[in-house]
Structure formats: structure tokens, C-alpha cells
Amino acid sequence: MPLARRPASRIRVIAHVDLDCFYVQVEQRRQPQLRGKPTAVIQYNSWKGGACIAVGYEARKCGVKRSMRGDAAKAVCPDLNLVQVPVLHEKADLSIYRDAGSEVVAVLSRVGKCERASIDEVYLDVTEAAKRLSSKDLSTLVSEEASTSHIVGLPQELGTKEWFCRPDASREDHLLACGAIIVADIRLAVLAETEFTCSAGVAHNKMLAKLSSGMHKPAQQTLVPSSAVESLLATLPISKIGKLGGKLGQELEGELGVKTVGDLLQFSEVKLQDMYGPNTGTWLWNTARGINGDEVQDRTLPKSHSSGKTFPGPRALKTLETVVYWLKELAETLQLRLDEDLSQNNRTAHLLTIHASCHIEGRATEAPKFSSKSRPLRYGVDKIVEDSRYLFERSLHEFCSHQSAGKEQSEITSSWAVTGLSLTASNIMAKPMVKT
DNA sequence: CAAGTTTACCCT
DNA sequence: AGGGTAAA
């Protein structure tokens, strides 16, 4: 839960930019003959034709869904073009999508502070740019793209451009209009310079920006004026709000009967704090009112790199040799990314963490996670393998002896199977200049 | 037997 | 530091 800090009173203009079915767009740029055709991206997996991880809009129209197996997708949409995610070291390699996302961030960052929220989503704070625009005559500045913006709760007799330029607008609405013009223009720049379309939400905070970016897709943008917030939230299912899509949202429904964000309004801040803790309680109380003070963080680079793989069912790893083999594969890909981070951003990671999901004595269980001690990760693949192997053996041994006290050592070591492995490099810091 | 791979962040 | 949740 984000820190439930009191929101700053200062008016902000925040955009949430979401690349439309991003992996598909990346593949369509690489293979232009796929443009306009039903296309989905699948992760390499020979079992039932792989798993769809991104589905283009033409393919969605004929019923293809994310998380379908490739075979099932082909069945509902025989003309479907399936593109495989590249494979490196026997693993899905997402680097082309990551790099494509970086291209987009490079364009967006020209108009404001950027926070990379995921591989295909960016928060953008355009407050300063909007203020600069606000003293000008908007009527000549509303581009074609800006005038196609959707405005939540727009009175029917008013068009978007009229709403933007109306002389009696509040300062809040006027700044939002300025922000929307800026966002529309930068979205066109993204298209011109990267060939990618994106959708955006523009509002006074991150929560509302995120909520609105998905309202009109693809390649469109949506504004949320403050005046529209109350009725927008009144009937909105809580699961649509970030962080309420999971367990917390279920608890809210089960314990308070809350189905919509509006239903939350009846509970006092103290009551919500009482039930869900001071932080979450205040956050919920604010969320019900469309209030959110989270700042857009100035961060375009990731805080960690990880490389992992699952080994479902019969493919579970049963010997130390295979575990070490896969640790090496994971270490290779991790090292490539660490090298790239060093050469491009002058950063080095200082913590290595291994996570193994295991079956022990036939029962599914999570093995404990272990980390190396703040050792700078610049020793190369062999060192990463050596460290992670040591950590794995140590944690497995401790876990087994705890689980099966009294058993013979040989019995213990023959009864585990690894169903998932991942290596994470974190504590990434700028490397001090080397003296020459 | 089987959606997989990443990333971030809260709680204790 | 480690466990857990959530999201795309």
C-alpha cells in the first residue's frame, strides 16, 4: 500500500500512458506485413501451442484472449498470426520489448517527469508544461488529436474543443485541458518516432490517470475533470482500482459489503483504519473520494533485474546437476543485463537473491529465499552461479532438515524437486568514477 | 503435470 | 531480511 500521506494541495496534471497490446505492436513493427492482421504473441512452449501473452485488437475481435493457449487461439481464429517471443539461453527473452519501451520513455520524458510503471506503462507529470501553456490562447493550440480526447461526464451539448476553450473554466479544468493538449501532442510524437500507438488518461492524480487510460483504447485518450469524479466512482467496481483487484478488494466486499468505490464513502476514516491498518485505512478513505497524493517518481530505469523460469509438473528439477545447469542459464541472461546496465547507465547491482519453489516430500512448498551479502555483482557468470548454487544448497539443506527431522541424509536429498527458479540482482547503484 | 516472466512494494 | 501481495 502506498504511504497514505496527506495529498499536497498543489494542483497537478498527471498522465498515465499505456502502450496498446505492446508486444504485438513491437512484432508488427519488425514484420510490417502483420499490420492490420489478427496477431498474438506467444511464449515459446511446445505444450498446446504456447501461451498467449499479448493479443492484437483484430485478434481480440475474433475472440482470442490473453492467457489462451496457442492451439485454442488458432481454433477460434484460424487466420491468427502467432509470433513467438525470442528465446535466449532456452528462456523467453523480453529484451526487445524492454528496449522498445525505453524508446517510448525517451520521447515522453521531453514533456515531463517520467515514472516507468511497467514494461508498457508510464506515468507522466506534465504539471509544469501545462502551466506554461495555460497563459496562451488555447483555441489555436488544440490539435486534431487533442480535440478527439474523451472527457468523462462531458455535457452532451459541449464538444471537446469547446470544453477545452470555454472561458469560464476553473483553473483546475483549464490546466487539465492544457495537459491533454500536451499529452495528445507527445502521443503523436511517440507514433511518429517509434511507430507505436498508445492510450492515455489525464487527470489530477495517478489513481485517476491510471483508471482513465483504459477507458478508450486503442490510440485514444481520456480526461477526468474533478467534477466527474464523484459519479464516476459511485458505480465503479472496486476491482477496477489499482491494488484492490486482489485480496484486499475481496476482504472489502466480504467484510463490509463494499462492491463499488462509492460504497466506501459511508465508512469513517477511523473505521477503515481500524479494520485495515492506519495506512491502508487512510488510503481507502482518500481513494473513495478520488484523492491520491502519490508523486510521479522520477525513474526511468528499473530497480532490479531478474531472470527466472518455471519447471511445471514432470519437468521439475530433481538433481543438483540440473539445478546448477539452469542456474547457469539464468545467470547468463542476468549477466547480459547487468553488463548492459553498467555500460549504458554506469550502474552495478550489489545484492543477489535466489528464489526456488520446491516440492519437498511430495508436498508443494516454498523454499526459503536466501541472499548473498551485499557483494558487488561484477564477477561474471561463474561467480553468480557459484554464489547462487551455494545459497541454494544451504537453503535446501536447512529446509529439508527442518521438514524431515530424523530422516537419513540420503532420504532427504532424494525427495525434493524444484518447480521454479529465479535470480534477482538488486541494490543497483551508480558506480563511482574510477580513478585513472 | 501446465499460464510465464518480471517488477515493485508493503508488513513484520 | 524475508514473506507476501499485486500488477501487467
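These numbers were taken from a predicted model, which means no experiment stands behind them. (Residues numbered from 1 in each chain as written. Chains lettered and ligands numbered in written order. Predicted model: local features only at pLDDT ≥ 70, side-chain atom pairs only at ≥ 80, totals over all residues. Heavy atoms only, no water.)

### A few points about the layout of surface pockets
In this structure, the largest pocket encloses a volume near 1400 Å³. Lining the largest pocket we find 47 residues, and of these A92, D93, L94, R98 and R337 sit closest to its centre. Elements with a contribution of two residues or more to the lining of the largest pocket: β5 (87-88), β6 (91-92), α4 (95-108), β7 (113-118), β12 (305-310) and α14 (320-345). In terms of residue count, α14 provides more of the lining of the largest pocket than any other element does, 8 residues in total. In the lining of the largest pocket, the residues fall into 17 nonpolar, 16 polar and 14 charged. Approximately 410 Å³ is the volume found for the second largest pocket. (1 Å grid on protein atoms, 1.4 Å probe; cavity = no way out; pocket = protein on both sides within 12 Å on 5 of 7 lines; lining within 4 Å. Points joined across faces, edges and corners; volume = space filled by probe spheres on them. Helix = DSSP H or I, 4+ residues; strand = E, 2+ residues; numbered from the N terminus. Nonpolar A, V, L, I, M, F, W, Y, C, P; charged D, E, K, R; others polar.)

### Describing the sheet that holds β7
The sheet built from 6 strands is open, its strands ordered β7-β8-β1-β10-β11-β9 with mixed pairing. Strand pairing shows two members of the sheet lacking a second neighbour, β7 and β9 (150-151), which therefore form its edges. Judged from the 3 bridges that link them, strand β10 (residues 198-203) and strand β11 (residues 221-223) form a sheet pairing that is parallel. The partner of A200 across the bridge, within β11, is Q221. Across the sheet, helix α9 (residues 206-213) is in contact with β1 (14-19), β7, β8 (121-125), β10 and β11; its angle to β10 comes to roughly 145°. (Pairing = 2+ DSSP bridges. Contact = heavy atoms within 4.5 Å. Axes fitted to C-alpha atoms, helices over the stretch in contact; angles between N-to-C directions.)

### What about the packing of aromatic side chains?
In total, this model carries 6 aromatic pairs according to the counting rule given. An angle of 70° between the planes, with centres 5.9 Å apart, marks the rings of F392 and W416 as edge-to-face. Here F392, found in helix α15 (residues 381-403), pairs with W416, found in strand β17 (residues 416-426); they are 24 residues apart in sequence, far enough to count as distant. On the basis of relative accessibility, which here comes to 2%, the residue F392 falls in the buried class. Cluster of aromatic residues (ring-pair linked, three or more members): F311, Y325 and W326. The ring of W285 is capped by R289, whose NZ or CZ atom sits 3.7 Å from the centre of that ring. (Phe/Tyr/Trp six-rings, centres within 6.5 Å; stacked < 30°, edge-to-face > 60°. Buried < 20%, exposed > 50% of the residue type's maximum accessible area, 1.4 Å probe, protein only. Lys NZ or Arg CZ within 6 Å of the ring centre and 35° of its normal.)

### Observations regarding the nonpolar core
Among soluble globular proteins, nonpolar side chains are generally buried collectively. Judged by nonpolar contacts, the single largest core of 49 residues is most densely connected at V41, L108, F164 and L223. For this core, the element with the highest residue contribution is helix α8 (residues 171-194), accounting for 12 residues. Per-domain counts for this core show at least three residues from each of domain 1 (14-20 + 97-231) and domain 2 (22-88). Non-local contacts of F164, meaning those with residues more than four positions away in its chain, are made with L138, V142, A146, S149, I151, H174, A177, A180, I181 and L223. (Core = buried A, V, L, I, M, F, W, Y, C linked by side-chain atoms within 4.5 Å. Domains from an automatic or database assignment.)

### Section: the pattern of salt bridges
Taken as a whole and assessed by the stated rule, the structure comprises 15 salt bridges. Between K131 and E128 there is a salt bridge whose closest N-O contact spans 4.0 Å. Residue K131 and its partner E128 are located together in helix α5 (residues 127-134), separated by 3 residues, close to a single helical turn. Overall, K131 belongs to the partly exposed group, its relative accessible area being 32%. Looking at E128, the relative accessible area reads 44%, which means it is partly exposed. For R389, the salt bridge is made with E393, and the minimal N-O distance between the two is 3.0 Å. Remark: E393 and R389 occur in helix α15; sequence separation between them is 4 residues, near one turn of the helix. You can call R389 partly exposed: its relative accessible area is 34%. Three or more residues are tied together by salt bridges with common partners; here these are D18, D20 and K217. (Salt bridge = Lys/Arg side-chain N within 4 Å of Asp/Glu carboxyl O.)

### Things to note about the packing of α5 against α8
Where α5 meets α8, the axes come as close as 8 Å, and the angle between the chain directions of the two elements is 105°. Between α5 and α8, the interaxial angle falls into the category roughly perpendicular. Between α5 and α8, the residues in contact are A129, A130, K131, L133 and S134 and R171, H174, L175, C178, G179, I181 and I182, respectively. Of the residues that constitute the contact of α5 with α8, the class distribution is 7 nonpolar, 3 polar and 2 charged. (Parallel < 35°, antiparallel > 145°, perpendicular 65-115°, else oblique.)

### Some remarks on the protein's contact with DNA strand C
Close to DNA strand C lie 15 residues; D120, E121, G245, K247 and L248 are nearest. Between a phosphate oxygen of DNA strand C and a side-chain N or O atom of K210, the distance comes to 3.0 Å. Separating a phosphate oxygen of DNA strand C from a backbone N or O atom of K247 is a distance of 2.7 Å. Among the residues forming the surface near DNA strand C, the class breakdown is 4 nonpolar, 5 polar and 6 charged. (Near = heavy atom within 4 Å. Polar contact = N/O pair within 3.5 Å; in protein donor to acceptor, adjacent residues only side chain to side chain.)

### Things to note about the sheet that holds strand β3 (residues 51-55)
The strand order across the open sheet formed by 3 strands is β3-β2-β4, and the pairing between neighbours is mixed. Strands with a single pairing partner mark the edges of an open sheet, and in this sheet they are β3 and β4 (81-84). Pairs of neighbouring strands in the sheet enclose a mean axial angle of 40°, with direction left out of account. One ladder, built from 4 bridges, connects strand β2 (residues 39-43) with β3; its direction is antiparallel.

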